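Single-letter residue listing:
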Amino acid sequence: MKQYDYLIVGAGLYGAVFAHEAMARGKRCLVVDRRGNIAGNIYTEEVEGIQVHRYGAHIFHTSNKEVWNYVNRFAEFNNYINSPIANYHGEIYNMPFNMNTFSKMWGISTPQEAQAILDRQRGEVTGEPQNLEEQAIRLVGRDIFEKLVKGYTEKQWGRDCKDLPAFIIRRLPVRMTYDNNYFKDRFQGIPMGGYTAMVARMLEGADIRLNTDYLEQKGALDALADKVVYTGPIDAYFGYRLGYLEYRSVRFETETLDIENYQGVAVVNYTDRETPFTRLIEHKHFEFGTQPKTVISREYSAEWKPGDEPYYPVNDEKNQALYRQYKALARQETGVHFGGRLGEYQYYDMDKVIAAALDFARAELGDL
């Protein structure tokens, strides 16, 4: 009889939710992570009394009541509403694109005026959009594309908008109301005290080994458990034998400032091409902080290379075709389940990660 029922590779949301559900059903779980912390990319760390989102801003939002009720078992959420600002060469615009944006952009005040301008500018592109630039203009017109989409997107992807496929921007939210709430989901907020504490509660009762690279110690670790739940990169699991899946990565520059309030909002998107970073996060505003100091992080988008942290899958046809080949290999693995953002090579919002982990737990373990 092995020491554990499940070896869970990755202490992020997917692994933590599954571990919690397995332990609730009497299973023994070992959770390993190559980082020195739990919580994966939603890891938060306290600095000067401020919960700092070390791997980028994470705002929880969902319309799934089951998931909302689930996370509230492990944390109390505040009423933070994501209302980011766009900075274009010092011009400030509200996001998402709404009547506040249009009023500032064009000096108009009614939805009818805004709609007329959008319709006229969208008409610049006729026929099927051939690239991201044409797709964006078809969605939001030339003015908004030039000031609020073009530079940000080119920094994000490291390519000119004319060289990016149209499908990357399938939709851009346009609202004919004065509403700065970025998400339309019914539930939204930030866990008070940070995400790390929330994940730690999910993992209570599990044995946890940090700074442990599963793939380097695979044989020894596999021998400890009956089954493996793997949430790392699927191509890494197979030694990249079919080639590397591509990602975009993100680099962060974080500093503590001896002032109370740096930018007056949690998230500012820098949408001009000349500013090298894409976003600037002021972490204290996620929890309405009043501390005497503040912590800010600049986010730089980067081309991923082996050894970097993978963030956003490059969902073009070439990479999807390669993923399908790896998925076929994964199906042949006995006693191993591949899950989560990296294991399934897709971008997941947090609520979708939790829902997927709960679905797998029910299928694997049965209902409680």
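Our structure's up above, just so we're on the same page.
The structure displayed is predicted, hence computed values, not measured ones.

A. Structural view of the overall build of the protein. A count of helical and extended segments in the protein gives 11 helices and 16 strands. Here the C-alpha radius of gyration of the protein, 22 Å, is about what a compact globule of 368 residues would show, namely 21 Å. The principal-axis extents of the C-alpha atoms in the protein amount to approximately 70 × 50 × 35 Å. Looking at the protein as a whole, 55% of its 368 residues qualify as buried. Here the analysis covers contacts within the protein between residues at least 6 apart in sequence; of these, 71% occur between residues at least 24 apart.

B. Here's a closer look at the environment of Asn-269. Relative to the helices and strands, Asn-269 resides in strand β12 (residues 267-270). Sequence separation between Asn-269 and Tyr-88 is 181 residues, and the spatial gap between their C-alpha atoms is 8.5 Å. What Asn-269 contacts, discounting residues up to four positions off in sequence, is Ile-85, Ala-86, Asn-87, Met-95, Tyr-152, Thr-278 and Arg-279.

C. Focus on helix α6 (residues 195-202). Three or more residues of α6 are buried, namely Tyr-195, Thr-196, Met-198, Val-199 and Met-202. Angular distribution of buried residues about the axis of α6 spans 160°; they occupy a single face of the element.

D. Quick look at the sheet that holds strand β9 (residues 207-209). The parallel open sheet is built from five strands, whose spatial order is β9-β2-β1-β10-β16. The open sheet has two edge strands, β9 and β16 (336-338), and neither has a second partner. The average angle at which neighbouring strand axes cross in this sheet is 20°, direction not considered. Sheet topology note: the strand β1 (residues 4-9)/strand β2 (residues 29-32) ladder contains four bridges and is parallel. Along β2, the bridge assignment pairs Val-9 with Val-32.

E. Summary view of helix α5 (residues 132-157). The end-to-end C-alpha separation of α5 is 11 Å, well short of the 38 Å expected for 26 residues at 1.5 Å each. The largest bend in α5 comes to about 115°, at Gly-141. Backbone nitrogen of Glu-133 and a side-chain oxygen of the N-cap are separated by 3.1 Å at the start of α5; the cap is Asn-131.

F. Focus on the packing of aromatic side chains. Tallied over the full model, the rule gives 29 aromatic pairs. Put simply, the rings of Tyr-214, Tyr-230, Tyr-237, Phe-238, Tyr-326 and Phe-338 pair up and form one aromatic cluster. Over the ring of Tyr-300 we find Arg-251; its NZ or CZ atom is 4.2 Å from the centre of that ring. Between Arg-298 and the ring centre of Phe-277, over which it is positioned, the NZ or CZ distance is 5.8 Å.

G. Highlighting the environment of Ala-361. You can see Ala-361 is positioned in helix α11 (residues 350-365). Look at Ala-361 and you get buried, because its relative accessible area is 1%. It is 7.2 Å that separates the C-alpha atoms of Ala-361 and Ala-22, two residues lying 339 residues apart in sequence. Setting aside its immediate chain neighbours within four residues, Ala-361 contacts Phe-18, Glu-21 and Gly-366.

H. Molecular detail of the nonpolar core. Membership of the largest hydrophobic core comes to 55 residues, with the highest contact counts inside it found for Leu-7, Phe-97, Phe-102, Ile-144, Val-149, Tyr-214 and Tyr-230. For this core, the element with the highest residue contribution is α5, accounting for 10 residues. In this view, Tyr-214 contacts Leu-7, Val-9, Val-32, Leu-221, Asp-222, Val-228, Tyr-230 and Tyr-237; residues no more than four positions away in its chain are not counted. Counting residues in hydrophobic clusters, the runner-up holds 53 residues, among them Ile-8, Met-23, Tyr-80 and Ala-357.

I. How the structure looks around the packing of helix α1 (residues 13-24) against α6. One can describe the packing of α1 onto α6 by two numbers: an axis separation of 8 Å at closest approach and a directional angle of 30°. Taken together, the axes of α1 and α6 are roughly parallel relative to one another. Within the contact between the two elements, α1 uses Leu-13, Ala-16, Val-17, His-20 and Met-23 and α6 uses Met-198, Val-199, Arg-201 and Met-202. Grouping the amino acids of the contact of α1 with α6 by side-chain chemistry returns seven nonpolar, one polar and one charged.

J. Molecular detail of the side chain of Thr-153. Along the chain, Thr-153 falls in helix α5. Those residues in contact with Thr-153 that lie beyond four places of it in its chain are Leu-132, Cys-161, Leu-164 and Ile-169.

Parameters at a glance
Residues numbered from 1 in each chain as written. Predicted model: local features only at pLDDT ≥ 70, side-chain atom pairs only at ≥ 80, totals over all residues. Heavy atoms only, no water. Helix = DSSP H or I, 4+ residues; strand = E, 2+ residues; numbered from the N terminus. Rg over C-alpha atoms; globule rule 2.2 N^0.38 Å. Buried < 20%, exposed > 50% of the residue type's maximum accessible area, 1.4 Å probe, protein only. Contact = heavy atoms within 4.5 Å. Arc of directions from axis to C-beta. Pairing = 2+ DSSP bridges. Axes fitted to C-alpha atoms, helices over the stretch in contact; angles between N-to-C directions. Expected span 1.5 Å × (residues − 1). Bend = angle between axes of the 7 residues up to and from the residue. Polar contact = N/O pair within 3.5 Å; in protein donor to acceptor, adjacent residues only side chain to side chain. Phe/Tyr/Trp six-rings, centres within 6.5 Å; stacked < 30°, edge-to-face > 60°. Lys NZ or Arg CZ within 6 Å of the ring centre and 35° of its normal. Core = buried A, V, L, I, M, F, W, Y, C linked by side-chain atoms within 4.5 Å. Parallel < 35°, antiparallel > 145°, perpendicular 65-115°, else oblique. Nonpolar A, V, L, I, M, F, W, Y, C, P; charged D, E, K, R; others polar.

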